[in-house]
Amino acid sequence: MEILVLVDHVDNEIKKVTLELLTLARSLGSPAAVWAGPGWSEEARTKLAEYGADKVYVADDQAIADHVVAPTAELLAGLVADKAPAAVLIASTGEGKEIAGRLAIKTDSGVLTDAVGLGEGFVAEQPIFGGGVNVRSRVVKGTPIVTVRLNSTVPAAAPAAGAEERVSVALSESARSARVVERVKEEKGARPELAEAEIVVSGGRGVGSGENFAIIERLADSLGAAVGASRAATDEGWYPHQFQVGQTGKTVSPQLYIAVGISGAIQHRAGMQTAKTIVVINKDEKAPIFEIADFGVVGDLHTVTPQLTEEIIKRK
Ligand SMILES: Cc1cc2nc3c(=O)[nH]c(=O)nc-3n(C[C@H](O)[C@H](O)[C@H](O)COP(=O)(O)OP(=O)(O)OC[C@H]3O[C@@H](n4cnc5c(N)ncnc54)[C@H](O)[C@@H]3O)c2cc1C
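Residues numbered from 1 in each chain as written. Predicted model: local features only at pLDDT ≥ 70, side-chain atom pairs only at ≥ 80, totals over all residues. Heavy atoms only, no water.

Novice: How should the layout of surface pockets be read in this particular structure?
Specialist: If a probe as big as a water molecule is rolled over the atoms, it shows which places are left empty. Looking at the second largest pocket, its volume works out to about 440 Å³. As for the second largest pocket, its lining consists of 26 residues, and the residues nearest its centre are Arg205, Ser230, Gly261, Ile262 and Ser263. Mapped by element, the contributors of at least two residues to the lining of the second largest pocket are helix H7 (231-235), helix H8 (266-269), strand S16 (277-282) and helix H9 (301-315). Of the residues assigned to the lining of the second largest pocket, the class counts are six nonpolar, 15 polar and five charged. (1 Å grid on protein atoms, 1.4 Å probe; cavity = no way out; pocket = protein on both sides within 12 Å on 5 of 7 lines; lining within 4 Å. Points joined across faces, edges and corners; volume = space filled by probe spheres on them. Helix = DSSP H or I, 4+ residues; strand = E, 2+ residues; numbered from the N terminus. Nonpolar A, V, L, I, M, F, W, Y, C, P; charged D, E, K, R; others polar.)

Novice: What exactly am I supposed to notice about the site of the ligand here?
Specialist: Surveying the vicinity of the ligand reveals 26 residues, the closest of which are Arg205, Ser230, Thr248, Ser263 and Asn282. Interatomic distance of 2.6 Å between a side-chain N/O atom of threonine 248 and a nitrogen atom of the ligand. Within the backbone of leucine 301, a nitrogen or oxygen atom sits 2.8 Å from a nitrogen atom of the ligand. Within the complex, 75% of the 980 Å² of free accessible area of the ligand lies under protein. Put simply, the ligand lies in the second largest pocket. Those elements that place two or more of their residues in the shell around the ligand are H7, H8 and H9. The residue makeup of the shell around the ligand, split by class, is six nonpolar, 15 polar and five charged. (Near = heavy atom within 4 Å. Polar contact = N/O pair within 3.5 Å; in protein donor to acceptor, adjacent residues only side chain to side chain. Areas by Shrake-Rupley, 256 points an atom, 1.4 Å probe, with all protein chains shown as cover. Sits in = over half its atoms within 2 Å of the grid points.)

Novice: Sorry, what's going on with the domain arrangement of the protein here?
Specialist: Accessible area lost during the coming together of the parts is what is often quoted as the interface size. Along its sequence, the protein is organised into domain 1 (2-166) and domain 2 (194-314). With 12 residues of domain 1 at the interface, the matching set in domain 2 holds 14 residues. Between domain 1 and domain 2, roughly 960 Å² of surface is buried when both sides are summed, and carbon and sulfur atoms account for 44% of that area. Here domain 1 and domain 2 share two salt bridges between them. Notably, a salt bridge pairs lysine 16 with glutamate 198, separated by 3.0 Å at the nearest N-O pair. For the pair domain 1 and domain 2, the interface holds five residue pairs in polar contact (both at pLDDT 80 or more). For the side of domain 1 that touches domain 2, the class distribution of residues is five nonpolar, four polar and three charged. (Domains from an automatic or database assignment. Contact = heavy atoms within 4.5 Å. Buried area = accessible area lost by both parts, 1.4 Å probe. Salt bridge = Lys/Arg side-chain N within 4 Å of Asp/Glu carboxyl O.)

Novice: Honestly, the nonpolar core in this entry has me stumped. Any pointers?
Specialist: Most often, soluble globular proteins have nonpolar side chains that are buried together. Ile3, Leu48, Leu89 and Leu118 are the most contacted members of the largest nonpolar core, which totals 34 residues. For this core, the secondary structure elements donating two or more residues are strand S1 (2-6), helix H1 (16-26), strand S4 (30-36), helix H2 (42-50), strand S5 (55-59), strand S6 (87-91), strand S7 (111-115) and strand S11 (145-148). Among the elements that make up this core, the one with the highest residue count is H1 (six residues). The contact partners of leucine 89, leaving out residues within four places of it in the chain, are Ile3, Leu4, Val5, Leu6, Leu21, Leu24, Ala25, Leu118 and Val146. Counting residues in each nonpolar core, the second largest holds 28 residues, with Leu76, Leu79, Ile99 and Leu171 among its members. (Core = buried A, V, L, I, M, F, W, Y, C linked by side-chain atoms within 4.5 Å. Buried < 20%, exposed > 50% of the residue type's maximum accessible area, 1.4 Å probe, protein only.)

Here it is as structure tokens:
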């Protein structure tokens, strides 16, 4: 039972979510990775094989990267028609969800997005209504297409053949109708990418100012974590909007989420409550965020957070 896994790669580097998807696919069938776009290498093949890809379909074509998402959807649709896979797994990123939607239309199939688990019969677990309710859903038409949230599965190596098979895609006129005209590389700091990070430390209105976010950054750096912020903090201009966590920001699902000076509004929870362990620092013991906390400190963040940072550094 072949399961297609779309490889998420940037600058020739395979993103961790791909290894998570391969691990998940292995529990349900035989994973076949799909590499779309330029940058294919023996190193990439070895990595995919290491995490269980029995096969790798390679479409190492510059045109795929030049026309935004439509070519990848066409490539996958071709593979669904040719190989009749049992399911297609894609990372739940903005791009991944757009590819999944297009693929569903092309193959007349059902699509489930933002799954945090996938079990027998491709029954997906999805948090809905901002994470307030969990549902189990199954595609009942066509080939199940499922996008899976980052950090939902712990990637585990399990070497497989990684047999390479070259495939090509003849792009339609409509797939070529939007073209990438420029790529600007975003300066990446030393911290991990927010959506992928194993640990996230987020600050909210309680932090009090942009300068005070240094307290959050210091704690994050002591743990090798990414920094996040509530919408109240980003709306105040204390931290850039791309770091906002929540319904209208990024969805994170780290092993550890530390919420500092955040009340826990439903829109914030929607973006973080699938974190494995939630730690809260808040001066108001009645703050709703404590309802989902595994550990909490009731206290002033300006006192508690630097002490915590110091203690972590001391114990390293
Ligand atoms: C359509 C819509 C979409 C939204 N999307 C998002 C979203 O994506 N992400 C998001 O975060 N919000 C979102 N919001 C906003 C959300 O409703 C809340 O307003 C927001 O999350 C509040 O942020 P906060 O917890 O930082 O601030 P507050 O609710 O003001 O909470 C601040 C907390 O800090 C504590 N505090 C204050 N001082 C200290 C101190 N010195 N030490 C310790 N604790 C202290 C307080 O006790 C309080 O609990 C959205 C709202 C709407 C309507």
